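# Overview (structure and organization)
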Amino acid sequence: MGKGFLTYASAAILQAVANGYLYGFDIIDITGLPGGTVYPALRRLEDAGYLTSKWEKPSIAQAEPRPARKYYELTRPGREVLAEAVKRYRLLEQVQPTKERDPKPSRA
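My aim in this report is to walk through the structure given alongside it, one point at a time. Because the structure is predicted, anything quoted here is derived from the model rather than measured.

Let's shift gears to the side chain of arginine 69. When you line up the elements, arginine 69 lands in the loop between helix H4 (58–63) and strand E2 (70–74). At a separation of 3.3 Å, a polar atom in the side chain of arginine 69 contacts the side chain of tyrosine 23.

Put into structure tokens, the structure is as follows:
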């Protein structure tokens, strides 16, 4: 992935993370993109330094019970490249959060 250029799908994924959709199933659900697009893009975005990730503690997943989630967070370079992408892909401006998001029940 070239520095500073994002595909629309990658920009939509970063926008989802910026809006509080922090793990794979949640990002798939909100973007409508298939898992075969989202998970490889998350790895590429993390490799490029736009995201960091952290697995949740297994005890949390076991208590619910569901698979453990890998949570993603935007880095400073990720916020910068997303700001540039939002200028290019103007549709992303329309998906800015308007209020704090309530936690959503897990599908997993």
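With that out of the way, let us pick up the pattern of salt bridges. Under the defined criterion, the tally for this structure stands at three salt bridges. Arginine 66 is the partner of glutamate 64 in a salt bridge, and the nearest nitrogen-oxygen pair spans 2.8 Å. Taking relative accessible area as the criterion, arginine 66 reaches 10% and is therefore assigned buried. When salt bridges that share partners are traced, they join Glu56, Glu64 and Arg66 into one network.

With that settled, the discussion passes to the nonpolar core. Residues Leu6, Ile13, Leu14, Ile27 and Leu51 are the most contacted members of the largest nonpolar core, which totals 26 residues. Among the elements that take part in this core, helix H1 (residues 8–18) stands out by supplying six residues, more than any other.

Moving on: the environment of glutamine 15. When you line up the elements, glutamine 15 lands in helix H1. For glutamine 15, a relative accessible area of 4% corresponds to the buried category. C-alpha separation for the pair glutamine 15 and leucine 74, spaced 59 residues apart in sequence, amounts to 9.4 Å.

As a further point, take helix H5 (residues 76–88). Relative to the 18 Å expected for 13 residues at 1.5 Å per residue, H5 spans 19 Å between its end C-alpha atoms, a close match to the ideal helical length. Burial in H5 covers these residues: Gly78, Val81, Leu82, Ala85 and Val86. All buried residues of H5 project into a common sector of 145° when viewed along the axis, lining one side. Of the residues in H5, the exposed ones pointing more than 90 degrees away from the buried face are Arg76, Glu80 and Lys87.

It is worth spelling out the packing of aromatic side chains at this point. Aromatic ring pairs are described here by two measures, namely the spacing of the ring centres and the angle between the planes. According to the stated counting rule, one finds two aromatic pairs in the structure shown. Ring plane angle 90° and centroid distance 5.2 Å describe the contact between tyrosine 8 and tyrosine 89, whose orientation is recorded as edge-to-face. One end of the pair, tyrosine 8, is in helix H1; the other, tyrosine 89, is in the segment after H5, with 81 residues separating them in the sequence. Tyrosine 8 gets classed as partly exposed once you look at its relative accessible area, which sits at 36%. An angle of 80° between the planes, with centres 5.6 Å apart, marks the rings of tyrosine 23 and tyrosine 71 as edge-to-face. With tyrosine 23 in the loop between H1 and helix H2 (24–31) and tyrosine 71 in strand E2, this residue pair connects regions lying 48 residues apart in the sequence. A relative accessible area of 9% places tyrosine 23 in the buried class. Owing to a relative accessible area of 27%, tyrosine 71 belongs among the partly exposed residues under this scheme.

Procedures and definitions
The residue numbering used here restarts from 1 in each chain and proceeds along that chain's sequence as written. Per-residue local features are limited, in this predicted model, to residues with pLDDT of at least 70; the limit for side-chain atom pairs, both in listing and counting, is 80 or more; totals at the level of whole chains, interfaces and linings are taken over all residues. Only hydrogens and water are removed before side-chain values are computed, so all heavy atoms of the structure are retained for them. The numbering of helices and of strands both runs from the N terminus, where a helix is a DSSP run of H or I of at least 4 residues and a strand a run of E of at least 2. Any pair of N or O atoms that falls within 3.5 Å is considered a polar contact. Within protein, one atom must be able to donate a hydrogen and the other to accept it, and sequence-neighbouring residues count only if both atoms are side-chain atoms. By definition, a salt bridge exists where a carboxyl oxygen of Asp or Glu is found within 4 Å of a side-chain nitrogen of Lys or Arg. Relative accessible area decides the class of each residue, using a 1.4 Å probe on protein chains only: under 20% of the type maximum gives buried, over 50% gives exposed, and in between gives partly exposed. The term nonpolar core refers to a set of buried residues drawn from Ala, Val, Leu, Ile, Met, Phe, Trp, Tyr and Cys, joined through side-chain atoms within 4.5 Å. A helix is expected to span 1.5 Å multiplied by its residue count minus one. What the arc measures is the spread of directions leading from the helix axis to the C-beta atoms. Whether two aromatic rings pair depends on their centres lying within 6.5 Å, for rings of Phe, Tyr and Trp, where Trp uses its six-membered ring; planes under 30 degrees apart make the pair stacked, over 60 edge-to-face, and the rest tilted.

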